[in-house]
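Here are the chains, one letter per residue:
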Amino acid sequence: MKKKNLLESKSVEELTAERARLKAWRGLLWGFIAFVLLVFVDQFTKLAADVYFGQKGNAPVAVIPGWVYLEITYNPGVAYGMLGNAAQWVKIAIVVGTAVLMAVLGVFYVRIDARRSFLRVAFLLIIAGGVGNLIDRVQYKVWELGPGATIGVRDMINLERFGFAVCNLADFFITFGAVMLVLGFLFFDRDALFPTGKKYKALAQEVEDKKNALVEVKGTRSAEDYEPRTDDTTGE
């Protein structure tokens, strides 16, 4: 009877683990689909702006007159047009560094607990934005370009009235992702400084319980190691 119960218990544990793995793979699949969709939208809007404003020469379009305009500019540098006249090796280093950073963040995304959804979305946005701009930098070989180039990373959303440079959707993805990352570290994650909401408080408590259990196990083992041994043999 005990053996039967043990087998049934093991089957339930295996089934639970299998469901968890299936859920994790499903989450990765949806994450990959979202990543592809974000990069596609970024590249499509860049192409549309390039054709409409660049090739056809249409005038900028006012989305909010005096505040937000759509146009096309080409950025041979990095964010906000910085390093547009940097040495070639600097731009190559930026391209390579961006690629490595996106790969590292991708590994973090895959390895992170699926229940830490807020943090995963943040990583997803940053990766999609970084890859979107990386595609432009590689496609147009920005390391060969200088200030005033007519090709480069394509920007089309003019927010200069707000004190920002002309940007694109990939820049928005990165910005929103970075803000979410900070909020996650502060409030919306199991390792947050101030876990907020039932979900993340429960995850934080789970981590704390595991730490306490590990400390108890180590303490028990240490006590056993230092427990004095008795000698059963008796001398004359």
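Here the structure is a predicted model, which means the values were calculated and not measured.

**Regarding helix α2 (residues 88-111)**
(1) Moving on: The end-to-end C-alpha distance of α2, which contains 24 residues, comes to 35 Å, matching closely the 34 Å that a straight helix rising 1.5 Å per residue would cover.
(2) Moving on: Looking at α2, one finds that the buried residues are V90, K91, V95, T98, M102, L105 and Y109.

**Some details on the side chain of N133**
(1) Moving on: Along the chain, N133 falls in helix α3 (residues 117-139).
(2) Moving on: Side chain to side chain, N133 and N168 meet in a polar contact 3.2 Å long.
(3) Moving on: Within the local environment of N133, its side chain forms a polar contact with the side chain of D171, the two groups lying 3.0 Å apart.

**A short note on the packing of aromatic side chains**
(1) Moving on: A complete count under the given rule lists nine aromatic pairs for this structure.
(2) Moving on: With 4.9 Å between their ring centres and 45° between their planes, F118 and F188 make a pair best called tilted. One end of the pair, F118, is in helix α3; the other, F188, is in the loop between α4 (169-186) and α5 (198-226), and 70 residues separate them in sequence.
(3) Moving on: Plain terms: the ring middles of F187 and F194 are 6.3 Å apart, the flat faces sit at 35° to each other, and that makes the pair tilted.
(4) Moving on: Relative accessible area serves as the criterion here: at 51%, F194 is assigned to the exposed category.
(5) Moving on: An aromatic cluster is present here, built from F118, F187, F188 and F194 joined pairwise through their rings.
(6) Moving on: When the ring centre of Y109 is taken as reference, the NZ or CZ atom of R120 above it lies at 4.4 Å.

**Overview of the nonpolar core**
(1) Moving on: In this structure, F35, L105, F123, I127, V131 and L181 are the most contacted members of the largest nonpolar core, which totals 19 residues.
(2) Moving on: If you list the elements that add at least two residues to this core, you get α1 (2-55), α2, α3 and α4.
(3) Moving on: Examining the composition of this core, we find that nine residues originate from one element, α3, more than from any other.
(4) Moving on: The residues touching L181, leaving out its near neighbours within four places in the chain, are L119, A122, F123 and I126.
(5) Moving on: Ranked by size, the runner-up nonpolar core spans eight residues in total, among them F53, V68, I72 and L159.

**As for the pattern of salt bridges**
(1) Moving on: Tallying each qualifying case throughout the model produces seven salt bridges.
(2) Moving on: A salt bridge links R115 to D113, with the shortest nitrogen-to-oxygen separation between them at 2.9 Å.
(3) Moving on: Taking relative accessible area as the criterion, R115 reaches 36% and is therefore assigned partly exposed.
(4) Moving on: In this structure D113 comes out as partly exposed when scored by relative accessible area, which is 23%.
(5) Moving on: Put simply, D136 and R154 hold a salt bridge, and the shortest N to O gap is 3.0 Å. Residue D136 is found in helix α3, and its partner R154 is found in strand β3 (residues 153-158); the two are separated by 18 residues along the sequence.

Reading guide: rules and limits
Residues numbered from 1 in each chain as written. Predicted model: local features only at pLDDT ≥ 70, side-chain atom pairs only at ≥ 80, totals over all residues. Heavy atoms only, no water. Helix = DSSP H or I, 4+ residues; strand = E, 2+ residues; numbered from the N terminus. Expected span 1.5 Å × (residues − 1). Buried < 20%, exposed > 50% of the residue type's maximum accessible area, 1.4 Å probe, protein only. Polar contact = N/O pair within 3.5 Å; in protein donor to acceptor, adjacent residues only side chain to side chain. Phe/Tyr/Trp six-rings, centres within 6.5 Å; stacked < 30°, edge-to-face > 60°. Lys NZ or Arg CZ within 6 Å of the ring centre and 35° of its normal. Core = buried A, V, L, I, M, F, W, Y, C linked by side-chain atoms within 4.5 Å. Contact = heavy atoms within 4.5 Å. Salt bridge = Lys/Arg side-chain N within 4 Å of Asp/Glu carboxyl O.

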